[in-house]
Amino acid sequence: MTGWRLLSETAKQKWHLSLEKNFRATSNARNEAMWHEATTFANHLRVVEKELAQWQRDIESSFTNIRTIMLSPLPRVYEEGHNGQAVPSEPEPTMVGGDVQVERLTTAAQQTKKRLDIEVLQPVKQWMVAYRTIGERMKRLEALRLELDSRRRTVADLQGRCERVRANLGTTRARGEVDMEITLRKMQHKEDKMQRTASQFQEMEQTVYNSLFTLIKDTSVLRDYAAAALLIINECFSTAYASFNLEQVQYSTTAPAAAGYPELNKYESSKYETKGLEKYESSKYGNEPAKVMVSHDDQYYDYQAQAY
């Protein structure tokens, strides 16, 4: 019977099928408004949760690939041997990574996943659990609201019937008194049920409100969790970079220097001097070398053509 009552009341409120023009549905406006905005926020949070999980997978995959590459041998130069066989210039292949501490890459990926799980994803998941719990309460609250309104309509209908019976007591008094007594007993029974449902609704409405209030207050810390995630990722890449121990790497002096390559480190002490670096190359003046200035932004300015 309750199921039919809820379906009937839902149809009446949704499609305005009721003939009671003065009937006003029970309000749950404040919870519905908060739930709507919390749902919008939860949708954003699901995206954040998904992206963080993807970061974890990407870092683990990337660091595994880098580790594999660092442990791979460099190609060697071969010369023709006396017996016609290819002879490598080095007896043993050199690893790409050299002295790179490849195990630190694995450790960095594992620690990052663990920290993101504990410090960021776990609180996010706890919020989502609380959100889903409130969602179940909202469903029960809506069912109570519909049941309450249905019972209000029933009591109002019985009250109208009592008034009609009372109005007709003058013509059929004996029968009218019997109908009045039956109707009053039924109305009292329905009113008791309506009052119990009203009490349950009020209690549940306040419980849902308190839960939503706490849930919404907790959303303010998402900014901190986002910052924490970026900090953890930054520390992960810093640890991975440190595993390369670049300060002790020796680079070839035969390779041409280019912007951003370590060969330029020898210029570090003079890059802030106003004179710049002097470089000589063939000029447009024939065989005479042109003296050019290398500026801080790597632009070359021909300021004097002079011979050696």
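Read on for an overview of the structure. These figures come from a predicted structure and were not determined experimentally. (Residues numbered from 1 in each chain as written. Predicted model: local features only at pLDDT ≥ 70, side-chain atom pairs only at ≥ 80, totals over all residues. Heavy atoms only, no water.)

**Description of the overall build of the chain**
Right, on to step 1. For the chain, the helix and strand inventory stands at 5 helices and 5 strands.
Right, on to step 2. Shown N-terminal to C-terminal, the secondary structure of the chain runs as helices and strands in the order α-α-β-β-α-α-α-β-β-β.
Right, on to step 3. Counting all 308 residues of the chain, 27% fall into the buried class.
Right, on to step 4. Counting contacts in the chain only where the partners sit at least 6 residues apart, residues at least 24 apart contribute 68% of the total. (Helix = DSSP H or I, 4+ residues; strand = E, 2+ residues; numbered from the N terminus. Buried < 20%, exposed > 50% of the residue type's maximum accessible area, 1.4 Å probe, protein only. Contact = heavy atoms within 4.5 Å.)

**Looking at the side chain of Thr26**
Right, on to step 1. Residue position: Thr26 is located in the loop between α1 (2-15) and α2 (29-70).
Right, on to step 2. Since its relative accessible area comes to 15%, Thr26 is described here as buried.
Right, on to step 3. At 2.4 Å, the side chain of Thr26 and the side chain of Asp149 are in polar contact. (Polar contact = N/O pair within 3.5 Å; in protein donor to acceptor, adjacent residues only side chain to side chain.)

**Quick word on α2**
Right, on to step 1. The terminal C-alpha atoms of α2 lie 61 Å apart, and with 42 residues this matches the ideal 62 Å at 1.5 Å per residue to within 8%.
Right, on to step 2. All of the buried residues in α2 are Asn31, Met34, Trp35, Ala38, Phe41, Ala42, Leu45, Leu52, Gln56, Ile59, Phe63 and Met70. (Expected span 1.5 Å × (residues − 1).)

**Considerations on the packing of α2 against helix α5 (residues 222-242)**
The packing of two helices is summarised by the inter-axis angle and the distance between the axes.
Right, on to step 1. In contact at an axis separation of 13 Å, α2 and α5 are set at 5 degrees when each is read in the N-to-C sense. Comparing their axes, α5 and α2 come out roughly parallel. Note on element contacts: α5 touches α2 through Leu222, Ala229, Leu230, Ile233, Cys236, Phe237 and Ala240, opposite Phe41, Leu45, Leu52, Trp55, Ile59 and Phe63.
Right, on to step 2. When grouped by side-chain class, the residues that make up the contact of α2 with α5 number 13 nonpolar, no polar and no charged. (Axes fitted to C-alpha atoms, helices over the stretch in contact; angles between N-to-C directions. Parallel < 35°, antiparallel > 145°, perpendicular 65-115°, else oblique. Nonpolar A, V, L, I, M, F, W, Y, C, P; charged D, E, K, R; others polar.)

**Considering α5**
Right, on to step 1. Counted at 1.5 Å a residue, the expected span for α5 with its 21 residues is 30 Å, and the 30 Å between its end C-alpha atoms agrees.
Right, on to step 2. Those residues of α5 lying buried are Ala229, Ile232, Ile233, Cys236 and Ala240. Viewed along the axis of α5, the buried residues span an arc of 95 degrees, placing them on a single side of the element. The exposed set on the far side of α5, more than 90 degrees from its buried face, consists of Arg223, Leu230 and Tyr241. (Arc of directions from axis to C-beta.)

**Concerning the packing of aromatic side chains**
Right, on to step 1. This model, assessed by the stated rule, comprises 5 aromatic pairs.
Right, on to step 2. Here Phe63 and Phe237 contribute two aromatic rings whose centre-to-centre distance is 5.8 Å and whose plane-to-plane angle is 85 degrees, an arrangement assigned as edge-to-face. In this pair, Phe63 is assigned in helix α2 and Phe237 in helix α5, connecting sequence segments 174 residues apart.
Right, on to step 3. What makes Phe63 buried here is its relative accessible area of 5%.
Right, on to step 4. For Phe237, a relative accessible area of 44% gives the class partly exposed.
Right, on to step 5. When the ring of Trp127 is compared with that of Tyr131, the centres are 5.8 Å apart and the planes differ by 5 degrees; the resulting orientation is stacked. Residue Trp127 and its partner Tyr131 are both found in helix α3 (residues 102-167); the two are separated by 4 residues, about one turn of the helix. (Phe/Tyr/Trp six-rings, centres within 6.5 Å; stacked < 30°, edge-to-face > 60°.)

**What about the pattern of salt bridges?**
Side chains that differ in charge, positive against negative, can pair when their charged atoms come close.
Right, on to step 1. Per the stated rule, a full pass over the model turns up 14 salt bridges.
Right, on to step 2. The salt bridge partner of Glu205 is Arg30, with a shortest N-O separation of 2.7 Å. Of the two residues, Glu205 is situated in helix α4 (residues 173-218) and Arg30 in helix α2; the sequence distance between them amounts to 175 residues.
Right, on to step 3. Relative accessible area serves as the criterion here: at 11%, Glu205 is assigned to the buried category.
Right, on to step 4. When its relative accessible area of 36% is taken as the criterion, Arg30 is described as partly exposed.
Right, on to step 5. Glu103 is the salt-bridge partner of Arg67, the closest N and O atoms lying 2.7 Å from each other. Here Arg67, found in helix α2, pairs with Glu103, found in helix α3; they are 36 residues apart in sequence, far enough to count as distant. (Salt bridge = Lys/Arg side-chain N within 4 Å of Asp/Glu carboxyl O.)

**Section: the nonpolar core**
Right, on to step 1. Counting residues in each nonpolar core, the largest one holds 23 residues, and the members touching the most others are Trp127, Tyr131, Ile134, Val208, Leu212 and Leu215.
Right, on to step 2. Mapped by element, the contributors of at least two residues to this core are α2, α3 and α4.
Right, on to step 3. For this core, the element with the highest residue contribution is α3, accounting for 10 residues.
Right, on to step 4. Excluding its chain neighbours within four sequence positions, the residues that come into contact with Trp127 are Ala38, Phe41, Ala42, Leu45, Leu215, Asp218 and Thr219.
Right, on to step 5. Residues Leu105, Leu121, Ala229 and Cys236 belong to the second largest nonpolar core, which totals 14 residues. (Core = buried A, V, L, I, M, F, W, Y, C linked by side-chain atoms within 4.5 Å.)

**Side note on a nonpolar patch on the surface**
Right, on to step 1. On the surface, Ile69, Leu74 and Val96 cluster together to form a nonpolar patch covering roughly 230 Å² of accessible area.
Right, on to step 2. Topologically, Leu74 is positioned in the loop between α2 and β1 (78-80). (Patch = residues over 30% accessible without salt bridge, like charges linked within 9 Å, V, L, I, M, F, W, Y side chains within 5 Å. Areas by Shrake-Rupley, 256 points an atom, 1.4 Å probe, with all protein chains shown as cover.)

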